[in-house]
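Below, each chain spelled out in residue letters.
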Amino acid sequence: MTELRCRKSDTLEGDNEEEEEEEETQQSEPELDAIDVEEVSSDAADGNLQQKDGGEVKGDEPEQEEESIKPVRTHRSSSTSAFLQRLVRVFFGCVAAVACGMLYAVYLSTYHDRKFWFSTKQELEREITFQEGSGLYYYYYKHMLAAPSFERGFYELTIDNKTVSGQTINAVERLSLYPELITSFVYRITGSQDFVEPVYFYVGAVLGLQAVYVTALFVCSWVMSGTWVAGMLAVAWYVINRSDTTRVDHALPLRDNWALPYFSCQVAALTGFLSNNISSATEMFCYLTMSATTFTFLLVWEHSHYVLFIQGLCLFLLDSFDLVPPRKMADIHKVYLSSLFLAYLFHFQNATLLSSPLLSLLIGSVLARYFQQKMKMGPLVARVMKLFLHFHLVFTTGITFSYLVKKLIPVSDSDFILKFLEVKFGLNTTTDFVTNFLLCQESLQTPGQDFFLRLTQASVLPFYLLVLSVCLLSTLQTIYRRLSGQPMKTDHRLEDGRIGEQPEVIYHVFHTLFFGGLALLFEGMKYLWTPYVCMFTAFGVCCPGLWMTVFKWLKLKSIHPVVLVSRFSFSGNTSLILSTAVPTIIGFSLWREYCPRVLAELSDLPEFYDPDTVELISWIRSQAPVAAVFAGSPHLLATIKLCSGAAVTSLPLYSDINLLKRTEDTYQVYAMRSAEDVYKLLTSQKTNYVIIQESICNELSFNKGCRIKDLLDISNGHVVYDKGEIYSFSKHGRFCHEIKMNYSPYTNYFTRVFWNRSYHVYKVNSVISFQY
């Protein structure tokens, strides 16, 4: 027995020496593995002890064979049981995701119908409900259905000379009308005209995409956390903060309502593609989904390449810090380049895509990777220096490429965007009407405190800051280890406590930081940031790995090995308990507080009715000539175009500098200009009727510098500064006030033909009559 005990101690000592060598070569291996190895060694030694006890071994050989067969059978049955459990979880998760999407679409449909009394109104009143100028897009949908064939309607839109007076435009390219083209095509080929009205089919298509939107957020949070409870919590936060996550409530046809669901699907596919623990078939599915949704996203929204540029920056950082395999980055670059090329063709060789920052970033990244093939080698200091050189090379190459493209293919709005950003960030000042007009748009202003207060009251912002802090610190640790030359694990275990080593988590940390920074500058960016705040926060509170990361940071450095085993077991169980208990408590509190509010929104809705606009449109339809051209505010002109089909002088498209200049000329009716000056501006646009709105002429606003008449006074030099106060002064009165007095010289140039409480319509005289 003494000899056997010596062998046992020798075995343990040998195992301990091997463990010390492994800890020297792999510094990141937890101490728990060492204890497991000791237990296995001791079991092996005890087995040797039993085999030394004479004749018992020979007599028990059949029993040992049976015992060796039993573990195999047990392993097979346990693997089958695990597969069935996983299949059941996936099935119920998919059912929950689809159910959340469908319920949200039904809720939006009911809310939209009760808010605008949609089902009880006539066609004209329904069309007026498309607010913020979004009715212009629905007009083209109607045009495609009224055309003799789809091909004929498409051709007419490419040479449209009946929308903007005096211009022939390619409406498909300028307005990104592919959603209307696809919807009208589907409506035609499915024979839907026999059982559903065109307007309901159009509204249903938009609301159906919103269902896809929340389903993609559900799946994204589910993939990252491993539990579909996170998906349900993400959808709940999304619906509760609906005023800050979507604009679909009041302006259905807007481009972002069509585009952002595809971007959400693209992000979900990218999340799965970046994950290490997926099969090759799943990776291929994610790659194909990402390719299709990236191209569609670029196709339906003119600003999509800017959004993808921010996403590209996030992926560029992952690649630079060596946090994702080079093979996957090469595949993502192929997706971007092929999607840009196809979008360039489908948008009729739009030069904006060639000078886009996304393409410049891709060109810079590809060239830098070719010239710096050994960038990810060497000690820490050398890699950091190579990294700074890599950043310099990428951005210098990208800026140079963009500059050359703009010189070879002039882009009209390139200089204007730089001028706008200079004024936005306080680097310059300007009296230009267009620049100040855009700065005064709500979507381009800095968000107020009420936005963050709403997120805090819904409990999403406090938990978001907690989750972001943990993931960001863990990501920084991972970046330091990678720069130090340590390998990155591909098979993550709960005991590791390294949430920041998962590439998909690192991407979303960068994603939410970049878009969050933009949301702090531009309120319109909150519709790109807030949905992913809900998703990312839901993932964090439901992920056991995040709680395990916190517990590992809090564990003591020096602790007895036996206590360490129980401590890790306690931490693992506690992390699983917290990842279930915390979302359960949050979900119960949200259900108790917000469920009655959300349901009350469906009952306490005032009727939307605009009798003055209905009266104006009725007059235009019955009294105005078919070929008449109308001038007015862009949003009103979009409604006139939708309801009457008349030509207009401008459109509510704020990304087109030429249309913005035409809008400035039209707005001069609210400035201190002479009747002759206004007449010359309107006739240069071939205007037959000009519409003056009382809401603009007599606008009262706390933000005095952003009223239309204030912006015009500043642009026209009709402003006097006295002791910090701003006063408007001109030898001419304000046109919109003076013309109502009905005296010369205003009556010489204009004749009032219609008026009500909100609108005054004046005919622009083709022959000037001098009356005194």
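Structure shown above.
Every value quoted in this text rests on a predicted model; they were computed, and no experiment measured them.

**Student:** Explain the overall build of the chain here, please?
**Tutor:** A count of helices and strands for the chain gives 35 helices and 7 strands. Counting the 772 residues in the chain, one finds 49% classified as buried. Sequence-distant contacts, at least 24 apart, represent 73% of the contacts inside the chain between residues at least 6 apart.

**Student:** Honestly, the pairing of strand β6 (residues 750-755) in this entry has me stumped. Any pointers?
**Tutor:** Pairing of β6 with strand β7 (residues 759-764) involves 5 bridges; the strand directions are antiparallel. What sits directly across from T751, in β7, is K763. Here β6 hands over to β7 after 3 residues, the two strands then running antiparallel side by side.

**Student:** How do you make sense of the packing of helix α6 (residues 135-146) against helix α9 (residues 178-189) when you look at a structure like this?
**Tutor:** Geometry of a packed helix pair, given as the angle between the helix axes and the separation of the axes. Two elements in contact, α6 and α9, have axes separated by 9 Å at closest approach and are oriented at 35 degrees. Of the two elements, α6 crosses α9, and the hand of that crossing is right-handed. Across the interface between the two elements, Y137, Y141, M144 and L145 of α6 pack against E180, L181, T183, S184, Y187 and R188 of α9. Tallied by class, residues from the contact of α6 with α9 come to 6 nonpolar, 2 polar and 2 charged.

**Student:** I keep staring at the packing of aromatic side chains and nothing clicks. Help me out?
**Tutor:** How two aromatic rings sit relative to each other is set out by the distance from centre to centre and by the angle between their planes. Summed over the entire model, instances satisfying the criterion amount to 44 aromatic pairs. Following the ring pairs from residue to residue traces out a cluster consisting of F451, F452, Y464, W529, F536 and F539. The ring centre of F273 lies 5.6 Å from the NZ or CZ of K328, which sits over that ring. Over the face of the ring belonging to W755 we find R752, whose NZ or CZ atom lies 4.2 Å from the ring centre.

**Student:** Can you help me understand a nonpolar patch on the surface in this one?
**Tutor:** A contiguous nonpolar patch, built from Y306, I417, L418, L421, F425, L427, L520 and L521 and spanning about 720 Å² of accessible area, is present on the exposed surface. Counting residues per element, the nonpolar patch draws most heavily on helix α20 (residues 414-424), at 3 residues. Within the secondary structure, I417 is located in helix α20. For I417, a relative accessible area of 30% gives the class partly exposed.

**Student:** Sorry, what's going on with α9 here?
**Tutor:** Residues spaced three or four apart along an α-helix point in a common direction, a consequence of the helix completing one turn every 3.6 residues. Between its first and last C-alpha atoms α9 spans 16 Å; for 12 residues at 1.5 Å apiece the expected length is 16 Å, and the two agree. Every buried residue belonging to α9 is among Y178, P179, E180, L181, T183, S184 and Y187, and all of these are buried. Backbone geometry just downstream of α9 places G191 in the positive-phi region, at approximately 65 degrees.

**Student:** Looking at this structure, how should I read the pattern of salt bridges?
**Tutor:** Pairs may arise between side chains of opposite charge once their charged atoms sit close together. Considering all chains together, one arrives at 28 salt bridges under this definition. Taking the shortest distance from any N to any O, the salt bridge between D450 and R454 comes out at 3.4 Å. Separated by 4 residues within a single helix, D450 and R454 lie in helix α22 (residues 449-457), roughly one turn from each other. Here R454 falls in the partly exposed class, since its relative accessible area comes to 27%. With a closest N to O distance of 3.4 Å, K680 and E676 form a salt bridge. Remark: E676 and K680 occur in helix α31 (residues 675-684); sequence separation between them is 4 residues, near one turn of the helix. By sharing partners, the salt bridges in this structure join D244, D450, R454, E523 and K526 into a single network.

**Student:** So what exactly am I meant to see when it comes to the state of the cysteines here?
**Tutor:** Think of a disulfide as a covalent bridge from one cysteine sulfur atom to another cysteine sulfur atom. In the structure shown here, the tally under the stated rule is 2 disulfides. Paired through a disulfide, C440 and C706 show a sulfur-sulfur distance of 2.0 Å. Linking C440 and C706, the disulfide has an S-S dihedral of approximately -80 degrees and is accordingly described as left-handed. With a gap of 266 residues between them, C440 in the loop between α21 (433-439) and α22 and C706 in the loop between α32 (694-697) and α33 (708-716) connect regions that are remote in the sequence. Judged by relative accessible area, which is 21%, C706 ranks as partly exposed. Taken in sequence order, the bonded cysteines of the chain link in the pattern 1-3, 2-4. You can see C542 has no disulfide; the closest cysteine sulfur is in C543, sitting 8.9 Å from it.

**Student:** So what exactly am I meant to see when it comes to the pairing of strand β3 (residues 689-693) here?
**Tutor:** The side chains of a regular strand alternate, first on one face of the sheet and then on the other. Counting buried positions along β3 yields 5 of 5 residues, so the element is predominantly enclosed. Pairing of strand β1 (residues 629-631) with β3, which is carried by 2 bridges, proceeds in the parallel orientation. Paired with A631 across the strands is V690, a residue of β3. Bridge count between β3 and β7: 5 bridges; the pairing is antiparallel. Bridging from a neighbouring strand, Y689 pairs with K763 of β7.

Calculation rules
- Residues numbered from 1 in each chain as written.
- Predicted model: local features only at pLDDT ≥ 70, side-chain atom pairs only at ≥ 80, totals over all residues.
- Heavy atoms only, no water.
- Helix = DSSP H or I, 4+ residues; strand = E, 2+ residues; numbered from the N terminus.
- Buried < 20%, exposed > 50% of the residue type's maximum accessible area, 1.4 Å probe, protein only.
- Contact = heavy atoms within 4.5 Å.
- Pairing = 2+ DSSP bridges.
- Axes fitted to C-alpha atoms, helices over the stretch in contact; angles between N-to-C directions.
- Left-handed = near helix turned anticlockwise from the far one by under 90°.
- Nonpolar A, V, L, I, M, F, W, Y, C, P; charged D, E, K, R; others polar.
- Phe/Tyr/Trp six-rings, centres within 6.5 Å; stacked < 30°, edge-to-face > 60°.
- Lys NZ or Arg CZ within 6 Å of the ring centre and 35° of its normal.
- Patch = residues over 30% accessible without salt bridge, like charges linked within 9 Å, V, L, I, M, F, W, Y side chains within 5 Å.
- Areas by Shrake-Rupley, 256 points an atom, 1.4 Å probe, with all protein chains shown as cover.
- Salt bridge = Lys/Arg side-chain N within 4 Å of Asp/Glu carboxyl O.
- Expected span 1.5 Å × (residues − 1).
- Disulfide = S-S within 2.5 Å.

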